[in-house]
Amino acid sequence: MSDVPFHQIADQLQPLAFRVSDLTPDPANARRHPHRNLEAIKASLSSYGQRKPLVVRCEGFVVEAGNGTLEAAKALGWTHVAAVLVDDDPITATGYAIADNRTAELAEWDEQALSALLAELQAEDLDLDALGWSDDELSQLLGSVPAFAPTSADDQHDLDQLSPKLCPHCGKDTRVAPEG
Amino acid sequence: MSRLKVDWCSHEAAKFATTHWHYSRSMPVIKTVRLGVWWDDVFKGAVIFSRPCRNQHLMFGLQPTEVCELGRVALDRHEGFHVSAVISRSLKKLRARCPKLRVVVSFADPAEGHLGRIYQAGNWIYTGTSEAARILVHRGKRIHRRNYTGAAFGRPRVAPPQGSVWVPTPGKHRYVMPLDRRMRKALLLLAKPYPKSAGALTEGAGHQPGEVVRSHPSASESSS
């Protein structure tokens, strides 16, 4: 462990801090972390810091739970993350890694309660971007509609005209001329 | 000054309206003309015209550039104005923007419980149903053909989800709005009486004469 400050890690987790360079992402991880997911984790880490530890196997320091957090922390330039070490055999490690993801996946939102909570947070000027929803999704959850303004007629397509279809070889317009 | 405003809107506004307030939850992927609807300056939705998906112009003996489709009427819950008034104003703007258009076609899907009352209220001409088809249903939800063929988006063709079943559906109710007098005269020759019930027996154009197709049993009446 290093003696650098871990201000981004919750106080009681700081004794569990490891260098991110010492941890190995699970090469057999069945859970993918697409761009949007990573951005959401990054936004959460930036806003709230790390509040729960990763789970890491003693053997090889392979991450069982928290691979997304590790990737996001690296992307944020963090040098340390908190982790608990477990002495799992490979089968137990795989089983736990799947169960950890699957059990979270089976939870459901009470959309009415969620909407009320989001409205409260918004009223308190909390940055909702760190919660993982897109602007459109938040608008829908909050029941609000963006203030779209009318635009120009020039933004519209010409439905009464065919677009040129140019031959890739000779460059000529290949549209059939209307009859009459 | 009218509290209802129908004016051009952006793709983003139209997309917001369709994803929030239209059963398809999607925008047409082809060229569009988009009209936004505002009530007391609050955005209430969009009306979207596009090129017809199929060669609709052939049945009217017209060029492709003379026919367009009213593909989406996506409105939030509203009071104080009628949908038919919104469509009427949208048609005026469309006619001014695309003067060569002569016919607007629109469909009401009985499988979604739609009868086309907004078109009936607007004095559109009913011309019967489109060709009957079959749809894929997976876990009770309808899957659009393009979701598994990927054909329209240049994606590779994929197999339909396991456990999905084919369900026959009746054709969609087809309504047309002529944009000039000559066209109205010609289209009135194709006119049929307005359908009265979405659950009623409808005759599919693609079936044998006299063969009758029953609407999807789960269909329930609702406005678009």
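Attention here is on the structure that accompanies the text. Everything quoted here is computed from the prediction, not taken from an experiment.

## Concerning the pattern of salt bridges
- Throughout the structure, instances matching the rule amount to 10 salt bridges over all chains.
- In this structure, the salt-bridge partner of Glu59(A) is Arg57(A), at a minimum N-O distance of 3.3 Å.
- For Glu59(A), a relative accessible area of 56% puts it in the exposed group.
- Residue Arg97(B) is joined to Asp158(A) by a salt bridge in which the shortest nitrogen-to-oxygen separation is 2.6 Å.

## Quick notes on the side chain of His20(B)
- Structurally, the position occupied by His20(B) is in helix H1 (residues 11-21).
- Here Thr19(B) takes part through its side chain, which lies 3.2 Å from a polar atom of the side chain of His20(B).
- The residues contacting His20(B), other than those within four sequence positions of it, are Asp136(A), Gln140(A) and Arg25(B).

## Considerations on the side chain of Asp76(B)
- Here Asp76(B) lies in the loop between strand S4 (67-75) and helix H3 (83-97).
- Here Trp21(B) takes part through its side chain, which lies 3.4 Å from a polar atom of the side chain of Asp76(B).

## Thoughts on the interface of chain A and chain B
- On the chain B side, the residues contacting the 24 residues of chain A number 30 residues.
- Of all residues in chain A, Phe148(A), Leu159(A) and Asp160(A) bury the most surface against chain B, accounting for 34% of the area lost on that side.
- Applying the counting criterion to the chain A and chain B interface returns 1 salt bridge.
- At the boundary of chain A with chain B, the tally comes to 12 residue pairs in polar contact (both at pLDDT 80 or more).
- Looking at the side of chain A that touches chain B, its residues break down into 9 nonpolar, 9 polar and 6 charged.

## Thoughts on H3(B)
Residue and element names in this part refer to chain B.
- The terminal C-alpha atoms of H3, which comprises 15 residues, lie 21 Å apart, in line with the 21 Å expected from a rise of 1.5 Å per residue.
- Within the span of H3, buried status applies to Val83, Val86, Ile87, Ser90, Leu91, Leu94 and Arg97. The buried side chains of H3 occupy one side of the element, clustering within an arc of 135° when seen end-on. Across from the buried face of H3, at angles greater than 90 degrees, the exposed residues are Lys92 and Ala96.

## Points about the pairing of S4(B)
- The element S4(B) is largely enclosed, with a buried count of 8 among its 9 residues.
- Handedness of the crossover is the feature at issue here: the chain leaves S4(B), passes through H3(B), returns alongside strand S5 (residues 103-108) of chain B, and the resulting connection is right-handed.

## Points about the state of the cysteines
- Taken as a whole, this structure holds 0 disulfides over all chains when the rule is applied.
- No disulfide involves Cys170(A); its sulfur sits 3.6 Å from the nearest other cysteine sulfur, which is in Cys167(A).
- With relative accessibility at 53%, the residue Cys170(A) sits in the exposed group.
- Free of any disulfide, Cys68(B) has its nearest cysteine sulfur in Cys98(B), 7.1 Å distant.

Each value, and the rule that gives it
- Residues numbered from 1 in each chain as written.
- Chains lettered and ligands numbered in written order.
- Predicted model: local features only at pLDDT ≥ 70, side-chain atom pairs only at ≥ 80, totals over all residues.
- Heavy atoms only, no water.
- Salt bridge = Lys/Arg side-chain N within 4 Å of Asp/Glu carboxyl O.
- Buried < 20%, exposed > 50% of the residue type's maximum accessible area, 1.4 Å probe, protein only.
- Helix = DSSP H or I, 4+ residues; strand = E, 2+ residues; numbered from the N terminus.
- Polar contact = N/O pair within 3.5 Å; in protein donor to acceptor, adjacent residues only side chain to side chain.
- Contact = heavy atoms within 4.5 Å.
- Buried area = accessible area lost by both parts, 1.4 Å probe.
- Nonpolar A, V, L, I, M, F, W, Y, C, P; charged D, E, K, R; others polar.
- Expected span 1.5 Å × (residues − 1).
- Arc of directions from axis to C-beta.
- Right-handed = clockwise from strand over helix to strand, strands pointing away.
- Disulfide = S-S within 2.5 Å.

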